[in-house]
Amino acid sequence: MKIALTEKMELLIKEKVRRGRCADESDLVRNALRALELRDDYESPPLEAALLEGVRTSHRPYGKATLRRIQKTARRR
């Protein structure tokens with residue numbers, strides 16, 4: 001596999017290896033891909049949509065029924 005990197009990215013990789021962050025360039029790329037995979041696992045489009053909706057709408061105090069509904073929905077996921 002061949003990957004094209006900018007000069008800036010290449011320098012960053014070499015610097016991380018030089019400082020002992022990783023054993024070599026391949027190790028650094030593997031670590032970066034693992035970190036990306038973990039980040040993707042934590043991203044949630046439904047959660048992001050709900051947060052954006054909450055930011056865009058006016059605040060309403062939550063009652064017990066609303067909190068129970070939220071908990072029930074969260075348990076199903």
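Everything discussed here concerns the structure shown above.
We now turn to the structure provided with this report. (Residues numbered from 1 in each chain as written. Predicted model: local features only at pLDDT ≥ 70, side-chain atom pairs only at ≥ 80, totals over all residues. Heavy atoms only, no water.)

**Description of the overall build of the chain**
For the chain, the count of helices and strands is four helices and zero strands. Its helices and strands taken in sequence order, the chain reads α-α-α-α from the N to the C terminus. Taken along the three principal axes of its C-alpha coordinates, the chain extends 55 × 25 × 25 Å. Relative to its 77 residues, the chain shows a buried fraction of 6%. Accessible surface, the chain as shown: approximately 7,800 Å² in total, 56% of it carbon and sulfur. (Helix = DSSP H or I, 4+ residues; strand = E, 2+ residues; numbered from the N terminus. Buried < 20%, exposed > 50% of the residue type's maximum accessible area, 1.4 Å probe, protein only. Areas by Shrake-Rupley, 256 points an atom, 1.4 Å probe, with all protein chains shown as cover.)

**Observations concerning the environment of Ala4**
Residue position: Ala4 is located in the segment before helix H1 (7–18). Between the C-alpha atom of Ala4 and that of Leu51, which follows or precedes it by 47 residues, the distance is 36 Å.

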